[in-house]
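Structural description and commentary
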Amino acid sequence: MITMIQIAVTGKPNVGKSSFFNAATLSEAEVASYPFTTIDANHAVAYASCRCPCRELGVECNPRNSRCINGVRLIPVELIDVAGLVPGAHEGRGLGNKFLDDLRQARAFLHVIDASGSTDEEGRPVEAGSHDPLEDVEFLEEEITMWLYGILERNWERLLRKAASEKLDMNRIIHEQLSGTGITPEDIIEASRKVDADVYSWGKDELLQFLDELLRIAKPMLIVANKADLPSAGENIERLKDAYPHVVPASAEAELALRRAAEAGLISYTPGGSEFEIIDESKLTDKQRAALEYIRENVLEVYGSTGVQEAINRAVFDLLDMIVVFPVEDEHRFTDQKGNVLPDAILVPRGSSPRDLAYLIHTEIGDSFLHAVDARKGMRVASDHELEDGDIISIICSR
Ligand SMILES: Nc1nc2c(ncn2[C@@H]2O[C@H](COP(=O)(O)OP(=O)(O)OP(=O)(O)O)[C@@H](O)[C@H]2O)c(=O)[nH]1
């Protein structure tokens, strides 16, 4: 059974988190026949997008677990709206079991910030450009680190003594303490290697350094530099890009405006696209025309898109390093048992093998895996062969 990848969306009040959440989630109209658009108030379905092989193969696909719009395959991922991360939250001003639950589920964080600097550190509106958004990035990382620190620090001395006297592996003990966060033993081993000092001599500084590394590995973060449409955002976006590896300029408001205009039949626009076309000039009011031109000049032409879809894609394909594989039963017709062409698009971690894919689809398929065929090349591939992005794979089982 394949579960959707879950990504947390967080940010202080007024930065445009709800706008981003809505803009990333296709509306009911756009996904009419698709069953799960909104899960509940705090969970919604967004899509990672990639090229569908249907065009290149000259076939018409019948997607089952995903959608195909004009040759673009949309693969569902789940967004979790994480509220309450405000400065000081780790001290008990808001982070509770709900946060633990969100943290456990989330594989990565999208941190929405107001790149225009028009909200202060608590999210109150201030004059554009008067707040430095780089401070907001630091605060969020610090909140999560300090929250984890609170969990470890409580019992640290006792745990060290226990590990020393019973000759227990400290990494395992740390993992037990952080159980419920979704952090794996491998993540902990990798992070603790990055701290020079011997674990038995770790003080506060080393623990914090360890937790910083751990978060980077286990819950990587992408900065959504929102409100990129405002003039004061440009310089901040450059500074953010200099300081952090994963920054996507975005305008959630522009994405919403373009979609509304498309729904009203005023423009043609594919969500996440790099351009739009006005359908009938005479239908636009002066105000609408000016707003659309503003978006074209200040968002699309500057940043290439509104950044909303790009943020989701970067989280899935860069931060989490996933690739897309299309499993089929019939390697000649690219179909499943029922004749659906290219029915499924599956996100798998880069480095996965056909056998890993088989297990991901179903334990039984993994257990009875015999070999796999690369349907494009019509060639058998080894069970430990590394799958490539866009592969169409037929799995041959003994049952
Ligand atoms: N210029 C501009 N304004 C935006 C953008 N996104 C959101 N806003 C505005 O920012 C304000 C806050 O947006 P919300 O989406 O409600 O922000 P939020 O972070 O969810 O706020 P809370 O619900 O208070 O947590 C609203 O007035 C939006 O219209 C954007 O991309 N550009």
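The structure displayed is predicted, hence computed values, not measured ones.

On to the overall build of the chain, then. Assigned secondary structure in the chain consists of 13 helices and 15 strands. Relative to the 2.2 N^0.38 estimate, which gives 21 Å for 399 residues, the radius of gyration of the chain is 23 Å and therefore close to what a compact globule would have. Structurally, the chain occupies a C-alpha span of about 75 × 65 × 35 Å along its principal axes. In the chain, buried positions account for 51% of the 399 residues. For the chain, the share of sequence-separated contacts (at least 6 apart) that also reach a separation of at least 24 residues comes to 67%. Of the roughly 19,100 Å² of accessible surface on the chain, 47% is carried by carbon and sulfur atoms. Of the side-chain charges in the chain, 41 are positive and 68 negative, and the distance between the mean point of each set is 4 Å.

Around the ligand, 15 residues are found, and the nearest of them are Lys17, Ser18, Ser19, Asp229 and Glu253. One nitrogen or oxygen atom from the main chain of Gly16 is found 3.0 Å from an oxygen atom belonging to the ligand. Broken down by secondary-structure element, the contributors of at least two residues to the shell around the ligand are helix H1 (17-24) and helix H9 (252-263). Residue classes in the shell around the ligand are distributed as four nonpolar, six polar and five charged.

Okay, the nonpolar core next. Counting residues in hydrophobic clusters, the biggest one holds 46 residues, and the most contacted among them are Phe20, Leu110, Leu342 and Leu347. The element that contributes the greatest number of residues to this core is helix H11 (residues 308-319), accounting for seven residues. Shared between two domains, this core holds at least three residues of each, these being domain 1 (1-42 + 83-253 + 295-320) and domain 2 (323-397). Sequence-distant contacts of Phe20, defined by excluding residues within four places in its chain, comprise Val9, Leu110, Val112, Val224, Ala252, Val308, Ala311 and Ile312.

By the definition in use, this model includes two aromatic pairs. Ring geometry for Trp156 versus Trp202: centroids 6.0 Å apart, planes at 10 degrees, classification stacked. With a gap of 46 residues between them, Trp156 in helix H4 (residues 133-166) and Trp202 in the loop between helix H6 (185-193) and helix H7 (204-218) connect regions that are remote in the sequence. Exposure remark for Trp156: the relative accessible area of 4% places this residue in the buried category. Counting every residue linked through ring pairs, the aromatic cluster contains Trp156, Trp202 and Phe210. In this arrangement the basic side chain of Arg296 is found over the ring face of Phe276, its NZ or CZ atom lying 4.4 Å from the centre.

Below, the discussion takes up the domain arrangement of the chain. For interface size, the figure often reported is the accessible area lost on association. According to the domain assignment, the chain consists of domain 1 (1-42 + 83-253 + 295-320) and domain 2 (323-397). Between domain 1 and domain 2, the C-alpha centre-to-centre distance is 33 Å. Taken together, both faces of the contact between domain 1 and domain 2 bury some 460 Å²; the carbon and sulfur share is 71%. Taken together, the links from domain 1 to domain 2 amount to zero salt bridges. Applying the counting rule to domain 1 against domain 2 returns zero residue pairs in polar contact (both at pLDDT 80 or more).

The full count for this structure, using the stated rule, is 15 salt bridges. The salt bridge involving Glu293 is made with Arg296; its shortest N-O contact spans 3.5 Å. Of this pair, Glu293 and Arg296 both sit in helix H10 (residues 286-303), separated by three residues, roughly a single helical turn. When the shortest N-O distance is used, the salt bridge between Asp374 and Lys377 registers 3.7 Å. Of the residues examined, Asp374 reaches a relative accessible area of 4% and is grouped as buried.

Quick look at the sheet that holds strand S14 (residues 379-381) now. Taken together, the five strands give an open sheet; going across it, the order is S12-S11-S15-S13-S14, and neighbouring strands pair in mixed fashion. What marks the edges here is a single partner per strand, and that holds for strand S12 (346-349) and S14. Along the sheet, successive strands turn relative to each other by an average axial angle of 45 degrees, direction set aside. Summarising the sheet, strand S13 (residues 369-374) and S14 pair through three bridges and their orientation is antiparallel. Each residue of the ladder has a partner; that of Val373, found in S14, is Arg380. Sheet strands in contact with helix H12 (residues 354-361) are strand S11 (322-328), S12, S13, S14 and strand S15 (392-397), and its direction is about 125 degrees off that of S12.

Turning our eyes to something else, we now look at the packing of H4 against helix H8 (residues 233-243). The N-to-C vectors of H4 and H8 enclose an angle of 40 degrees; their axes lie 9 Å apart at closest approach. Here Pro133, Leu134 and Val137 of H4 lie close against H8, whose contacting residues are Asn236, Arg239, Leu240 and Ala243. Among the residues forming the contact of H4 with H8, the class breakdown is five nonpolar, one polar and one charged.

Moving on: the environment of Arg296. What makes Arg296 partly exposed here is its relative accessible area of 23%. With residues up to four places along the chain from it excluded, the contact list for Arg296 reads Phe276, Ile278 and Glu301. Looking at Arg296, its side chain comes within polar contact range of the main-chain oxygen of Phe276, at 3.5 Å.

Its location among the elements puts Leu103 in helix H3 (residues 97-105). Along the chain, Leu103 and Lys219 lie 116 residues apart, while their C-alpha atoms are 8.3 Å from each other. The contact partners of Leu103, leaving out residues within four places of it in the chain, are Phe109, Ile144, Trp147, Leu148, Thr181 and Lys219.

Reading the values: the criteria
- Residues numbered from 1 in each chain as written.
- Predicted model: local features only at pLDDT ≥ 70, side-chain atom pairs only at ≥ 80, totals over all residues.
- Heavy atoms only, no water.
- Helix = DSSP H or I, 4+ residues; strand = E, 2+ residues; numbered from the N terminus.
- Rg over C-alpha atoms; globule rule 2.2 N^0.38 Å.
- Buried < 20%, exposed > 50% of the residue type's maximum accessible area, 1.4 Å probe, protein only.
- Contact = heavy atoms within 4.5 Å.
- Areas by Shrake-Rupley, 256 points an atom, 1.4 Å probe, with all protein chains shown as cover.
- Lys, Arg positive; Asp, Glu negative; His and termini not counted.
- Charge placed at Lys NZ, Arg CZ, Asp CG, Glu CD.
- Near = heavy atom within 4 Å.
- Polar contact = N/O pair within 3.5 Å; in protein donor to acceptor, adjacent residues only side chain to side chain.
- Nonpolar A, V, L, I, M, F, W, Y, C, P; charged D, E, K, R; others polar.
- Core = buried A, V, L, I, M, F, W, Y, C linked by side-chain atoms within 4.5 Å.
- Domains from an automatic or database assignment.
- Phe/Tyr/Trp six-rings, centres within 6.5 Å; stacked < 30°, edge-to-face > 60°.
- Lys NZ or Arg CZ within 6 Å of the ring centre and 35° of its normal.
- Buried area = accessible area lost by both parts, 1.4 Å probe.
- Salt bridge = Lys/Arg side-chain N within 4 Å of Asp/Glu carboxyl O.
- Pairing = 2+ DSSP bridges.
- Axes fitted to C-alpha atoms, helices over the stretch in contact; angles between N-to-C directions.

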